[in-house]
Amino acid sequence: MVWRLSGFADEIDPDPSVQIATLQSEEMTHLELRGAWDKNVLRLSDRELDQLATMLREAEIGVSSIASPIGKVAINEDFSPHLADFQRALAIARQLDAPFVRIFSFYLPAGDDPARHRDEVLERVGTLVRETEGTGLTLLHENEKGIYGDTPERCHDLLRTIDSPALRVAWDPANFVQVGARPFTEGYALLRPFIAYLHVKDADMKSGEITVAGAGDGEWRETLAALRDDRFDGFCSLEPHLAMAGHAGGFSGPDLFRKAAGAFQRLLREQGIAWA
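Residues numbered from 1 in each chain as written. Predicted model: local features only at pLDDT ≥ 70, side-chain atom pairs only at ≥ 80, totals over all residues. Heavy atoms only, no water.

Chemist: Go over the overall build of the chain with me, naming the residues and quoting the values.
Modeler: Assigned secondary structure in the chain consists of nine helices and 15 strands. Computed over C-alpha atoms, the radius of gyration of the chain comes to 17 Å, within 12% of the 19 Å expected from 2.2 N^0.38 for 276 residues, which places it in the range of a compact globule. If one aligns the C-alpha atoms of the chain with their principal axes, the spans along those axes are about 50 × 45 × 35 Å. Counting every position in the chain, which comprises 276 residues, the buried fraction comes to 57%. For the chain, contacts bridging at least 24 residues in sequence account for 75% of all contacts bridging at least 6. Surface exposure of the chain reaches about 11200 Å², of which carbon and sulfur atoms provide 47%. (Helix = DSSP H or I, 4+ residues; strand = E, 2+ residues; numbered from the N terminus. Rg over C-alpha atoms; globule rule 2.2 N^0.38 Å. Buried < 20%, exposed > 50% of the residue type's maximum accessible area, 1.4 Å probe, protein only. Contact = heavy atoms within 4.5 Å. Areas by Shrake-Rupley, 256 points an atom, 1.4 Å probe, with all protein chains shown as cover.)

Right, here's the structure in full:
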């Protein structure tokens, strides 16, 4: 069992050549594609995607997931244009041989009872899943703060109700911490059947500040030990957010990205987990 390290390479630098050099310095063979050249992945032109594909192929770097912003909009926004963007995300995943596409389950109005929006969320996410089934791709739901599926319980509700192998979980402990949940204690047993991918960052429960894995309240050691014993075999994607964290993404720079990689690799060594 060998786990595979990946990362949000746009957190290193907007320039893919700098991204690739840093990944290679950390012996990482994959990236999670959220952006390049200061553009979101869905706004890259066909020419830019071709250029990026060539650079990655020559560097022998694979794409673990398309980190799309699909579902990262308000639940009361028009869904039709968003669905067109989703088709673009699927096409890019196929072009770059990425097995996964990240999605979200829509921001809810502040203060609203999430139950009021459950049916609409299920309809929209269900539509995305139906569009994906049969393509060979898998959608990864990320538990972003403020969306329907930001707690372990509502993530489980989403995955259990839709009940499709084309929808799985990108486990993000830092995001759970930021909504006041203890990730392993409250969420692991509930969501383990759906966990196919890890987003590697941590957070402090009191301040909400993002930290390297193992330095916050994300219960990384307990989670890694359990995943090892459960024979998890998937991608671990670094999303450090150490210099800046915002609605559209985060930034770390090469040095802080390496710091995050080193911290996670130490945790893996502690648990006797091999990676590539």
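Okay, back to it.
Chemist: Please set out the pattern of salt bridges residue by residue, giving values where relevant.
Modeler: Taken as a whole, this structure holds 22 salt bridges when the rule is applied. When the shortest N-O distance is used, the salt bridge between R130 and E123 registers 3.5 Å. In this structure, the salt-bridge partner of R228 is D229, at a minimum N-O distance of 3.0 Å. Given a relative accessible area of 26%, R228 falls into the partly exposed group. (Salt bridge = Lys/Arg side-chain N within 4 Å of Asp/Glu carboxyl O.)

Chemist: Now, about the packing of helix α1 (residues 16–25) against helix α9 (residues 253–270): what can you tell me, with residues and values included?
Modeler: In contact at an axis separation of 11 Å, α1 and α9 are set at 30° when each is read in the N-to-C sense. Put simply, α1 runs roughly parallel to α9. Read as a crossing pair, α1 and α9 show a hand that is right-handed. Residues V18, T22, L23 and S25 of α1 form the contact with α9, whose participating residues are P254, F257 and R258. Split by residue class, the contact of α1 with α9 holds four nonpolar, two polar and one charged. (Axes fitted to C-alpha atoms, helices over the stretch in contact; angles between N-to-C directions. Parallel < 35°, antiparallel > 145°, perpendicular 65-115°, else oblique. Left-handed = near helix turned anticlockwise from the far one by under 90°. Nonpolar A, V, L, I, M, F, W, Y, C, P; charged D, E, K, R; others polar.)

Chemist: Any chance you could break down the sheet that holds strand β2 (residues 30–33) for me, citing the residues and the numbers?
Modeler: Taken in spatial order, the nine strands make up an open sheet running β2-β5-β6-β7-β8-β9-β12-β1-β15, and their pairing is parallel. With one partner strand each, in any of the chains shown, β2 and β15 (274–275) form the two edges of the open sheet. One ladder, built from two bridges, connects strand β1 (residues 2–7) with β15; its direction is parallel. Looking at the pairing, V2 lines up with A274 of β15. Contacts from helix α4 (residues 118–132) reach β6 (100–103), β7 (138–142) and β8 (167–171), with the element oriented near 155° to β7. Set on the sheet, helix α5 (residues 152–162) makes contact with β7 and β8; between it and β8 the angle comes to about 160°. (Pairing = 2+ DSSP bridges.)

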